[in-house]
Each structure stands twice: as C-alpha cells, then as structure tokens.
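Secondary and tertiary structure notes
As a plain string of letters, each chain reads:
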Amino acid sequence: MKKLITIAILVLTLALLSAGEFNEYYFRFELKDRSLLTNLGQMISIDKVEGFQVYAYANDNEWKAFLNTGLSYQLLPHPGINPNAIMANSKADMRAWDSYPTYEAYISMMYDFAQDYPNLCRIVDVGTTVGGRNILFAVISDNVQQREAEPRLMYTATMHGDETVGYILMLRLIDTLLAGYGTDPRLSNLVNNAEIWINPNANPDGTYYGGNSTVSNARRYNQNGYDLNRNFPDPNGSQYSGQPLQTETSLMMALGMQERFHLVANLHGGAEVVNYPWDHKYDLHVDDAWYQSISRAFATSAQNNSPSGYLDDLNNGITNGAEWYVTTGNRQDWTNYAARGREVTIELSNTKNPDASTLPDYWTYNYDALLGYLEQGLYGIHGIVKDAWNNPLPATISVLNHDDNLTTVESIAANGTFYRYLSPGSYDIKIATNGYDDIIVEDVVVSTGLATPLEVIFGTLPEVLELPLAAGWNQVSFNVLPENPADIISSISNLIQIKDMNSSYNPIMASQFNTLNTINPANAYYVKVSAPSVLHLEGTAAQGIDIPLKQGWNYIPYLPQESLSVQIALGSIINYVQDLRLGNLSWSASEITQMQPGKGYWVLVDQDCQLNYPE
Ligand SMILES: [Zn+2]
C-alpha cells in the first residue's frame, strides 16, 4: 500500500512538472532606436539594457512574437544554469552561508526561525504557487504576535526565480536580526521599532524549476511561464500583453492591500543598481529627491563595503526606472500607486545565479546597506489619526503643493497610523476623513534621520455638566447645552417647577399655562424638585455669551467650564460689583470666594454694565 501511494505521488509530481514545462529563452539584441524599447517591453521580458544592447527573456509565445520583428539576436546560455550551486539540506548544513538550501531545507529553516524565537518571529504563509510551493514571510518584531503602531517594512527577493543572491541574503538577514536582538543595538533598534517582513523567495517554482534539490536550471518566470514582475496591473488597469493575472501576483496584491507596507525593496539580480520609481512612465515621482537619497545611501554603503566596481551601474549605482527602460506591470510601481507604500528595486549582482562560494561576499558588501534601508523606514512623519474618543480613523494624507493622485498615503483603520517619508523640509499636511472637515497641519518639519510624530484628532469631546439638585428649590444655570436645549427641561427628574425671571414651566400644568419652553444659557433658573437627583448634561460649551446687567440686583448664570475665583470670573465687571449671593451665602461676608458651574447667582452692581466670562 505504501509503495502504491509513493508511486501515485511520483506520477502526480511528474504530471505537475510536465504541465509546467516551457521554454525560456535568454537572448541579446542590438537596438539603434531606444524608443522601440517600450513596445518591445510589452512583447518580451526585458532584463536589462546596456547602451544599445538589450538582454531579454521570452517564453514560447513571446519568442514567436519576437522572431516576427525580424530583429537579429544572439541566444545566450540561460543565467539560471549554475554548475556551482552547492546545496544544503538543513540550516546546519548551510555552514557559512556559502550554499543554497534545497526547497525542503528552506521551508524548515523558515519555520525553525519562528520556533526558535517565538517572541520575535512568526511565519506568514501567504499561499501556494502555481507549482504547489509556498510563499513564506518571516515577520520580525518585538511582541511579534501583536500589531503595534510601527512602520511595516518589507524585503522580498527572487521574484525572478533565477536571481538567487537576494534569496540567501534574506535568509541570512532573518537569522542575523533574530540572533543579534538584545545584544546588537542597531539590530535591536530595528526589531523594537518596526515590523519587518522578509520573503526570501517570491518565486520558488522558478528557483526550483530544476527540482527541489537544486537551484541550477532556475527560471525567471513562474511555472505558467510568465514574468511575475510584469504581471501587476498598471494604474490604468491594463496588464502586460494581456497576460492572465498569476496566482503569485494575486497573493502578493492581497497581502499588500491588507498590510499596506510602508517601505519595501524588491531584490533582484543581473545588474548592480538601485532602481527607483517610476518604471511605467517618464514623469518623476513627487518624492524623486527622497527616492534618490535613499537609493544613493544604499549604493554608497554597498560600494564602501566592496571592491571597486561593485554596485556602480548607470548613475554610479542608482537609476530612475523609466530612464533605464520603461516596464509595465512591475511590483515596485504597483506598491507605490496601489498600496501607497514606497518601494525600490535593488539589483544585487551582475551574475544572477552565482557560485555558492561567492554568497558570503555579497553579504559583506550589502549588510550595512540592507540595515540602512530598513532604517529609512523609521524616519519621516509618523502620524496617528483619531477621533476625540480615541478611536483610530482611516484617513487620506496629502502633502499640500507636493503630492499627486498616485502618492498620497493613508492611515489604517486598525490603529490610525500613517507614515509619510519625505526629504528634509517643512510641509503642510492635509488629513481628510469621512464625516469631518479636513484638517490642515501647517509647517510640519521633517529632518534627516529623525521621526516627526504627528497626532491628528478629529472632533471634540462634548462638555459635561453633572448638576446635583437638592429636594426643594435650587439656583441653577447651564454652561453645557445639548443639541436641543429644550431637552434639558424634560430630563430633570422629579421636576415640580422651573422658572426664570419672566417665564415658568410646570409639568402638570396644561401647556397654555407654561411660558418657559426652552433653556437660554444667558439666564439663570430656579428649579424645584421633589427628591434629590443629579442632572447629567452633555453637549457644547455655552461660551461667548454677553450678559447685560442693570444697576441693582441681577440673577446671572455661571458659564465657565470650571470653578474660578469671583475676582477672575467677574473680572469684566468687578469694579461695579457690590455683592454676590448664592442662597444665604454672600461674597461681602467672604462666604463665597469661588463661583461654580451649574449655579445661579444674584449679583449687585452699581451701574448698568455687561458681563463677559473669561474663556
Ligand atoms: Zn529581476
């Protein structure tokens, strides 16, 4: 029976492999007119452009289309062929990170990270590829099981399955972050202050096209023969060559929209350069200066830690994507325009699938640069958007006179946080959320290497008046008004009568005898109740109200929200005040020193005047 199952699995595996078999051509051609690149990029998968030399991949259909152009070409050995792909069967077997893991070793290594560091690492399996392999992320943070108000930073590698350097560097970065936490201050700072998502291999079907036990014969494309980095929808909704959306792409899109990563890098090979947006159009990104600075920081660090000649392609190691060559359907632009994160593409090695023995060199070259890139995610504006009750709010954040419709960012509903990375300077920030007027915060200063906290609160809490009423008559006033002040009268328990100097209300009287129908905050009232109670009022503060007084005794409300001394409360008329009374107590006898919310007072003034309470 066991043998039968084994055979069945074997047959199934063979069937899967043959279903996923396709030719993948790698070739070079010369192009005198670079303006043809954009159209060719819709036909084949351009890998890189060196002057007039174009390197490209094609599946069988793409190859047919390319042949129809009549361009002369040179077929090249496939870059995925790697005679020196020394393989390791376990993490222990990886030794000095100078070998490649088998697929099974990779999977168990990932789950071992989480098992060894349960407080720092969890594994997210975002789903199964066309070929039945898994796309795994190691999520690394202190309190990793909780969602904290921290930027979410993401590295993903080897989306082109034959570009294997990033794969190993990412496994080693996970290991280093976890092992160094608590002892290395730089690593601890990152783990404490960010949520770091690392996906070492975004296209395992491509990497293990030659079988799970080798990375030689790796392919660029996924198992259906499509370039995953040309498979994302563009801002206009179209897709490269009308290719069907691939499983791997839709998994990444779902994750990206759910997690809204703030800073991302997509690691590739075949060149040595940091490529920043946009790729799909020649217009510069509004944050071009910021993108250039973070790209330059990466390239400079990599150059400083390597022999001369490393990571210095194009503009000494950085390039605007479209300026190099326009591509559509790539992940970098999608993350920028759709998920409103910031993403660059980092090409780590001229040799796509290098000798395993060279992998430690690439680590040495890039270790500082990789940490430095993550640290960029800790800077900029760290915002939180809430309402007055402390509920987080989803909002759209625009930098005025700066953003366009592809670059505004959003705060997430879960905790109201947003992160807006910007070059040093002073910015006016507009925050828009449903149900409130927009808020504009002016002159928000962003400095190099620092975070700028920004808390934005929509709405104001209602003012509250807790008014105790004794059985019998009470001298009261209302410094808090509900939306409908008439509601105050009906909310007084045990009410026998309420009156001011001109009108009165008694609940058992017929309505034509009741002349008092609502509450005017400029008046004080007498309220008679049959039993003690507390009247609870919520609403807006009664403020900015002028209270005209006649010479002699006047019955006045008290409108400030807190208790104040008589001198301060009646400051606007204090020169005319001869006495103040509350029940039997008087100011002249020093029985009243403070005035209190909810009370009605008799004041004696020696001339006509106008009372304005301090605000
Ligand atoms: Zn690539």
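From N to C terminus, the chain includes 15 helices and 36 strands. Computed over its C-alpha atoms, the radius of gyration of the chain comes to 35 Å, more than 25% above the 25 Å expected for a compact globule of 615 residues. Its C-alpha atoms give the chain principal-axis dimensions of roughly 105 × 65 × 50 Å. For the chain, long-range pairs separated by at least 24 residues make up 72% of all intrachain contacts whose partners lie at least 6 apart in sequence.

What follows covers the packing of helix 5 (residues 165-180) against helix 6 (residues 185-193). The geometry of helix 5 relative to helix 6 is characterised by a closest axis approach of 8 Å and an angle of 95° between their N-to-C directions. When the interaxial angle is binned, helix 5 and helix 6 end up roughly perpendicular. Together, Thr 176, Leu 177 and Gly 180 of helix 5 and Leu 187, Leu 190 and Val 191 of helix 6 make up the contact between the two elements. When the residues that make up the contact of helix 5 with helix 6 are grouped by side-chain class, the tally is four nonpolar, two polar and no charged.

The next thing to look at is helix 5. Its 16 residues place the ends of helix 5 22 Å apart at the C-alpha level, agreeing with the 22 Å of an ideal helix rising 1.5 Å per residue. Where helix 5 is concerned, the buried positions are Val 165, Gly 166, Tyr 167, Ile 168, Leu 169, Met 170, Leu 171, Arg 172, Leu 173, Ile 174 and Leu 177. Directly beyond the C-terminal end of helix 5, a positive phi value near 90° is found at Gly 182.

Quick look at the domain arrangement of the chain now. The domain architecture assigned to the chain consists of domain 1 (22-75), domain 2 (87-376), domain 3 (380-458) and domain 4 (463-611). Every contact between the two is made by 14 residues of domain 1 and, on the other side, 15 residues of domain 2. Looking at the side of domain 1 that touches domain 2, the elements that each hand over two or more residues are helix 2 (37-41) and strand 2 (45-50). Per-element accounting of the side of domain 1 that touches domain 2 gives the leading share, five residues, to strand 2.

Let us now look at the sheet that holds strand 33 (residues 585-586). Read across the sheet, four strands follow the order 30-35-32-33 without closing on themselves; strand pairing throughout is antiparallel. Only two strands of the sheet have a single neighbouring strand rather than two, namely strand 30 (552-557) and strand 33. The pairing of strand 32 (residues 577-582) with strand 33 spans two bridges and is classified as antiparallel. Of the residues in strand 33, the one forming a bridge with Leu 582 is Leu 585.

The next subject is the sheet that holds strand 13 (residues 318-320). Taken together, the eight strands give an open sheet; going across it, the order is 7-8-10-9-11-14-12-13, and neighbouring strands pair in mixed fashion. Of all the strands in the sheet, just strand 7 (121-128) and strand 13 have a single pairing partner and so form its edges. Each neighbouring strand pair of the sheet contributes to a mean axis angle of 20°, computed without reference to strand direction. Across five bridges, the pairing between strand 9 (residues 152-157) and strand 10 (residues 195-199) is parallel. Bridge pairing links Met 154 to Trp 197 in strand 10. Against the sheet, helix 4 (residues 103-116) touches strand 7 and strand 8 (134-140), its axis set at about 145° to strand 7. Here helix 9 (residues 288-304) sits on the sheet and contacts strand 12 (271-276), strand 13 and strand 14 (342-349); the angle it forms with strand 12, its principal contact strand, is near 160°.

Take the packing of helix 9 against helix 13 (residues 359-376) next. The description of two packed helices rests on the angle between their axes and on the distance between the axes. Where helix 9 contacts helix 13, the axes come no closer than 7 Å and their chain directions differ by 160°. The angle between helix 9 and helix 13 places the two elements in the roughly antiparallel class. Regarding helix 9 and helix 13, the two cross each other, and that crossing is right-handed. Contacts between helix 9 and helix 13 involve Ile 294, Ala 297, Phe 298, Ser 301 and Ala 302 on the former and, on the latter, Tyr 365, Asn 366, Asp 368, Ala 369, Gly 372, Tyr 373 and Gln 376.

A few words now on the nonpolar core. Ile 140 and Ile 198 are the most contacted members of the largest nonpolar core, which has 99 residues in total. With nine residues, the single largest contributor to this core is helix 5. Per-domain counts for this core show at least three residues from each of domain 2 (87-376) and domain 3 (380-458). Those residues within four positions of Ile 140 in sequence are excluded, and the remaining contacts are Leu 120, Cys 121, Ile 174, Leu 177, Leu 178, Val 191, Ile 196 and Ile 198.

Our next topic: the pairing of strand 32. Across four bridges, strand 32 lies against strand 35 (residues 600-605) in antiparallel orientation. When the bridges of strand 35 are listed, Leu 580 appears paired with Val 603. Taking the residues between adjacent antiparallel strands as the criterion, strand 32 and strand 33 are bridged by two residues, where Gly 583 takes a positive phi near 60°.

Our next topic: unusual backbone geometry. Working note: non-glycine residues mostly have negative phi, and peptide bonds are mostly trans. Omega for the peptide link from Pro 277 to Trp 278 comes to -5°, which places this bond in the cis form. As for its placement among the helices and strands, Trp 278 is situated in the loop between strand 12 and helix 9. In the Ramachandran plot, Asn 217 falls in the positive-phi region, its phi being about 65° despite a non-glycine side chain. Looking at the secondary structure, you find Asn 217 in the loop between helix 7 (204-207) and helix 8 (247-259). With a phi close to 50°, Arg 260 is a non-glycine residue in the positive phi region. Along the chain, Arg 260 turns up in the loop between helix 8 and strand 11 (263-268).

Mapped onto the elements of the fold, Arg 186 is located in helix 6. Taking C-alpha positions, Arg 186 is 8.3 Å from Leu 371, a pair spaced 185 residues apart along the chain.

What follows deals with helix 4. With 14 residues, helix 4 extends 20 Å from end C-alpha to end C-alpha; this agrees with the ideal 20 Å at 1.5 Å per step. Listed as buried for helix 4 are Ala 105, Tyr 106, Met 109, Met 110, Phe 113 and Ala 114.

What follows covers the environment of Asp 608. Looking at the secondary structure, you find Asp 608 in the loop between strand 35 and strand 36 (609-611). As a C-alpha pair, Asp 608 and Pro 548 span 60 residues in sequence and 7.7 Å in three-dimensional space. Residues contacting Asp 608, with those up to four places away along its chain left out, are Leu 549, Lys 550 and Gln 551.

Among the structural elements, Leu 604 can be located in strand 35. Judged by local crowding, Leu 604 falls into the partly exposed class, with 18 C-beta atoms found within 10 Å. The spacing of Leu 604 and Glu 148 is 456 residues in sequence and 59 Å in space, taken between C-alpha atoms. Residues in contact with Leu 604, not counting those within four places in the same chain, are Gly 552, Trp 553, Gln 578 and Asp 579.

Definitions and limits used
- Residues numbered from 1 in each chain as written.
- Predicted model: local features only at pLDDT ≥ 70, side-chain atom pairs only at ≥ 80, totals over all residues.
- Helix = DSSP H or I, 4+ residues; strand = E, 2+ residues; numbered from the N terminus.
- Rg over C-alpha atoms; globule rule 2.2 N^0.38 Å.
- Contact = placed C-beta atoms within 7 Å.
- Axes fitted to C-alpha atoms, helices over the stretch in contact; angles between N-to-C directions.
- Parallel < 35°, antiparallel > 145°, perpendicular 65-115°, else oblique.
- Nonpolar A, V, L, I, M, F, W, Y, C, P; charged D, E, K, R; others polar.
- Expected span 1.5 Å × (residues − 1).
- Buried ≥ 20, exposed ≤ 12 C-beta atoms within 10 Å, placed from the backbone.
- Domains from an automatic or database assignment.
- Pairing = 2+ DSSP bridges.
- Left-handed = near helix turned anticlockwise from the far one by under 90°.
- Core = buried A, V, L, I, M, F, W, Y, C linked by C-beta atoms within 7 Å.

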